[in-house]
Amino acid sequence: MVLSGLDYNLIILYFLVVFLIGLWAKKGQSTSEYLIAGRKVGIVQTTASIFAVVGGLLLVGQAALAYDLGFAALWFWIGFGIGFLFLGLAARKIKSLADEHKFMTLSDYFLLKYDRKTGTLAAMILFVAFFALLSGQFVAGGSIFAPLLGISYPTA
């Protein structure tokens, strides 16, 4: 399916509205307050944010993966659990360093702990990982909306 001029205009309008909401929300706040809530986010909000980011991918994408791969899809959950276990073990130390050195990203931690090259590598890895999460959200959305709206998966 080829996108029409109306489709492109709606996409541009969407990004413009999101950008304007961001400008409005940032008004009167420092960069730290806007991007990381002034370092006042607790464990419940952090956990909810993490699961909101990966939610669609995990619920819908993992169901599709389990359908395709069967029991082997369980390894995703095992890896996910191990990763969160290590994150949980390191979180308190990283948080205290982040507060002390005013980190804005996890890459800042690697920059401080190692060197500029490692910090840049960490930033690139995180970019790819979050791009994959975003792609997974689109897959999940398409999987849900295609049958609900009676349209093709690529259109959804």
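Up top is the structure these notes are about.
Residues numbered from 1 in each chain as written. Predicted model: local features only at pLDDT ≥ 70, side-chain atom pairs only at ≥ 80, totals over all residues. Heavy atoms only, no water.

Caption draft 1: The overall build of the chain, seen in detail. A count of helical and extended segments in the chain gives six helices and zero strands. Ordered by position from N to C terminus, the α and β elements of the chain give α-α-α-α-α-α. A compact globule built from 156 residues would reach a C-alpha radius of gyration of about 15 Å, whereas the chain, at 19 Å, exceeds it by more than 25%. Its C-alpha atoms give the chain principal-axis dimensions of roughly 55 × 45 × 30 Å. Going through the 156 residues of the chain one by one, you find that 14% of them count as buried. Summarising the internal contacts of the chain: among those between residues at least 6 apart in sequence, 43% fall at separations of at least 24. Carbon and sulfur atoms form 74% of the exposed surface of the chain, whose accessible area is close to 12000 Å². Side-chain charges in the chain split into 11 positive and 7 negative, and the spacing between the mean points of these groups amounts to 9 Å. (Helix = DSSP H or I, 4+ residues; strand = E, 2+ residues; numbered from the N terminus. Rg over C-alpha atoms; globule rule 2.2 N^0.38 Å. Buried < 20%, exposed > 50% of the residue type's maximum accessible area, 1.4 Å probe, protein only. Contact = heavy atoms within 4.5 Å. Areas by Shrake-Rupley, 256 points an atom, 1.4 Å probe, with all protein chains shown as cover. Lys, Arg positive; Asp, Glu negative; His and termini not counted. Charge placed at Lys NZ, Arg CZ, Asp CG, Glu CD.)

Caption draft 2: Inspection of the packing of helix 4 (residues 74-101) against helix 5 (residues 106-113) at higher detail. One can describe the packing of helix 4 onto helix 5 by two numbers: an axis separation of 10 Å at closest approach and a directional angle of 85 degrees. Taken together, helix 4 and helix 5 sit at an angle that is classed as roughly perpendicular. Contact residues: helix 4 offers K93, I94, L97 and H101, while helix 5 offers L106, Y109, L112 and K113. In terms of residue class, the contact of helix 4 with helix 5 is made up of five nonpolar, one polar and two charged. (Axes fitted to C-alpha atoms, helices over the stretch in contact; angles between N-to-C directions. Parallel < 35°, antiparallel > 145°, perpendicular 65-115°, else oblique. Nonpolar A, V, L, I, M, F, W, Y, C, P; charged D, E, K, R; others polar.)

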